[in-house]
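Structural characterization, general
For reference, the chains in residue letters:
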Number of protein chains: 2
Amino acid sequence: MFGCLVAGRLVQAAPQQVAEDKFVFDVPDYENINHVVVFMLGTIPFPEGMGGSVYFCYPDQSGMAVWQLLGFVTNEKPSAIFKISGLKSGKGSQHPFGAMNLPQTPTVAQIGISVELLENLAQQTPVASAAVSSVDSFTEFTQKMLDNFYNFASSFAVTQAQMTPNPSEAFIPANVVLKW
Amino acid sequence: MFGCLVAGRLVQAAPQQVAEDKFVFDVPDYENINHVVVFMLGTIPFPEGMGGSVYFCYPDQSGMAVWQLLGFVTNEKPSAIFKISGLKSGKGSQHPFGAMNLPQTPTVAQIGISVELLENLAQQTPVASAAVSSVDSFTEFTQKMLDNFYNFASSFAVTQAQMTPNPSEAFIPANVVLKW
């Protein structure tokens, strides 16, 4: 469902699914990273009314995981570039990965994606320094989100046809979403 | 072989192959683009000693194609983020797409990738404003290129296993490379 690209490195398209609605990419050698791109592969959209919050997780000096909210991806805005280089001394924010107990190693960070209701995403404030371009600003995100959520449908159809189906692709079962 | 991602939009993984060694992505509504990511899919590496120069092409006021060199992707640095928003009033640079005669429409730009010898790439100078991070700087590129070209091999093997094979993937025949 998601891809992750550290600028200068090879793309990753197979996140670890750590919960039904949570996906994690390992990012080795994170101290030498400036920008990270998170994007939907185009194979499976978010269920209606849902999107993904994107977190950066790195180990602090005592090896504890620090999570910072970078921003969001949605069906309408299925990719985003985040600036990581300024975040390493920041403090953590609230995050939904608390029970994951991801193993922390000194040089490996994580990019975590949590699938949530769009109305919940709109109440979360990413760290300001993570936004790369004005298009990624939070204000514009919420505005776009409320505007026309399905403008994106036509481009999706084309891309799905272009892409190779992947049977092992992770997805969120619709009944899980309904239970929320 | 290549993917292209306009920040905020859906990823494209099926460029038009306009020549044996030239690939083009259409980029609609280019006036509203800030950043573009170009990356190798990880399925097929460049032939040994070769890499890709990445160009941005947009129609000028008279509808003529203006090409600007953004930078490079190589097996060792298989992805790059480029800033497009400042380029639209710049002048064109030398480019290898001269004979392509790509159809120009007012709102559609192109990202072109030309597969060339690494030693040729090292003699080309991208437009300075296109570099997003210091990692993408030209000096570091040439230095890295000359250093250890095949450090990347092990990560490639893993990613190839993770990815779905794509029989329609474009590639450069080895004998074409040898003829150069």
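So, how was this worked out
- Residues numbered from 1 in each chain as written.
- Chains lettered and ligands numbered in written order.
- Predicted model: local features only at pLDDT ≥ 70, side-chain atom pairs only at ≥ 80, totals over all residues.
- Heavy atoms only, no water.
- UniProt positions renumbered as here; feature names shortened; annotations may be inferred.
- Helix = DSSP H or I, 4+ residues; strand = E, 2+ residues; numbered from the N terminus.
- Buried < 20%, exposed > 50% of the residue type's maximum accessible area, 1.4 Å probe, protein only.
- Contact = heavy atoms within 4.5 Å.
- Pairing = 2+ DSSP bridges.
- Phe/Tyr/Trp six-rings, centres within 6.5 Å; stacked < 30°, edge-to-face > 60°.

- Per an unreviewed UniProt entry, chain A goes by Protein Hikeshi and derives from Pelecanoides urinatrix.
- A UniProt comment under Subunit (unreviewed entry) is attached to chain A, and it reads "Forms an asymmetric homodimer; required for binding and nuclear import of HSP70 proteins. Interacts with ATP-bound HSP70 proteins."
- Looking at chain A in UniProt, the text filed under Sequence similarities (unreviewed entry) is "Belongs to the OPI10 family."

**Some details on the overall build of chain A**
- Per the secondary structure count, chain A includes four helices and eight strands.
- Along chain A, helices and strands appear, N-terminal first, in the series β-β-β-β-β-β-β-β-α-α-α-α.
- Classification of the 180 residues of chain A by burial places 51% in the buried group.
- Counting contacts in chain A only where the partners sit at least 6 residues apart, residues at least 24 apart contribute 74% of the total.

**Re the pairing of strand 5 (residues 50-59) of chain A**
All names here are of chain A.
- Here strand 5 lies mainly inside the structure; 10 of its 10 residues are buried.
- Alternating residues of strand 5 divide into M50, G52, V54, F56 and Y58 and G51, S53, Y55, C57 and P59, and every residue in both groups is buried.
- As paired elements, strand 5 and strand 8 (residues 109-117) share eight bridges and run antiparallel to each other. Paired with G52 across the two strands is V115, which belongs to strand 8.
- Sheet topology note: the strand 5/strand 6 (residues 65-73) ladder contains eight bridges and is antiparallel. Directly across from V54, in strand 6, lies its bridge partner G71.
- Where strand 5 folds back onto strand 6 in an antiparallel hairpin, the turn is made up of five residues, including G63, whose phi is positive at roughly 85°.

**Concerning the packing of aromatic side chains**
- With the rule as written, the count across this model stands at 17 aromatic pairs over all chains.
- Through a chain of ring-to-ring contacts, three or more aromatic side chains come together here, namely A:F2, A:F23 and A:F46.

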